[in-house]
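# Report on the structure
One letter stands for each residue in the lines below.
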Amino acid sequence: MTAIEIVTKEDLKQFKSEMLTEIRQLIKPEQGQSKQWLKSAEVRKLLNISPGTLQNLRINGTLRYSKIGGMIYYKLEDITKLLEGGQS
């Protein structure tokens, strides 16, 4: 027999809060120095998304970026806003 679990909006809010706390710990400045710009690989790891998904976020304007010498960089501030549910 399969057990059925119901996920409520409150469960999802709590999950979001816990996830944001964990992500903030991951990107917490070390020794008072905060990394302001992240490379694509760092963003993909942080958001747990594929290269294609990251490309879609760039294309549809969800996540702003800067391209310097063939490398794409993302502002940490914009990623934080995205994680908190706001658009950058």
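A brief report on the enclosed structure follows. Keep in mind that this is a model prediction, so the values were computed, not measured. (Residues numbered from 1 in each chain as written. Predicted model: local features only at pLDDT ≥ 70, side-chain atom pairs only at ≥ 80, totals over all residues. Heavy atoms only, no water.)

### Quick notes on the packing of aromatic side chains
Under the criterion given, the structure shown has one aromatic pair. Residue placement shows Arg58 over the ring face of Tyr65; its charged tip is 5.7 Å from the ring centre. (Phe/Tyr/Trp six-rings, centres within 6.5 Å; stacked < 30°, edge-to-face > 60°. Lys NZ or Arg CZ within 6 Å of the ring centre and 35° of its normal.)

### Examining the pattern of salt bridges
According to the stated counting rule, one finds two salt bridges in the structure shown. In this structure, Arg64 engages Asp78 in a salt bridge whose closest nitrogen and oxygen atoms are separated by 2.9 Å. Residue Arg64 is found in the loop between helix H3 (51–59) and strand E2 (66–68), and its partner Asp78 is found in helix H4 (residues 76–83); the two are separated by 14 residues along the sequence. Arg64 sits in the partly exposed class, given a relative accessible area of 45%. Asp78 sits in the buried class, given a relative accessible area of 2%. (Salt bridge = Lys/Arg side-chain N within 4 Å of Asp/Glu carboxyl O. Helix = DSSP H or I, 4+ residues; strand = E, 2+ residues; numbered from the N terminus. Buried < 20%, exposed > 50% of the residue type's maximum accessible area, 1.4 Å probe, protein only.)

### Looking at the side chain of Ser40
Relative to the helices and strands, Ser40 is located in helix H2 (residues 40–47). For Ser40, a relative accessible area of 16% gives the class buried. Here Tyr74 takes part through its side chain, which lies 3.4 Å from a polar atom of the side chain of Ser40. Setting aside residues no more than four positions away along its own chain, Ser40 makes contact with Leu54, Arg58, Ile72 and Tyr74. (Polar contact = N/O pair within 3.5 Å; in protein donor to acceptor, adjacent residues only side chain to side chain. Contact = heavy atoms within 4.5 Å.)

Spatial relationships are all this shows, so hold off on functional conclusions.
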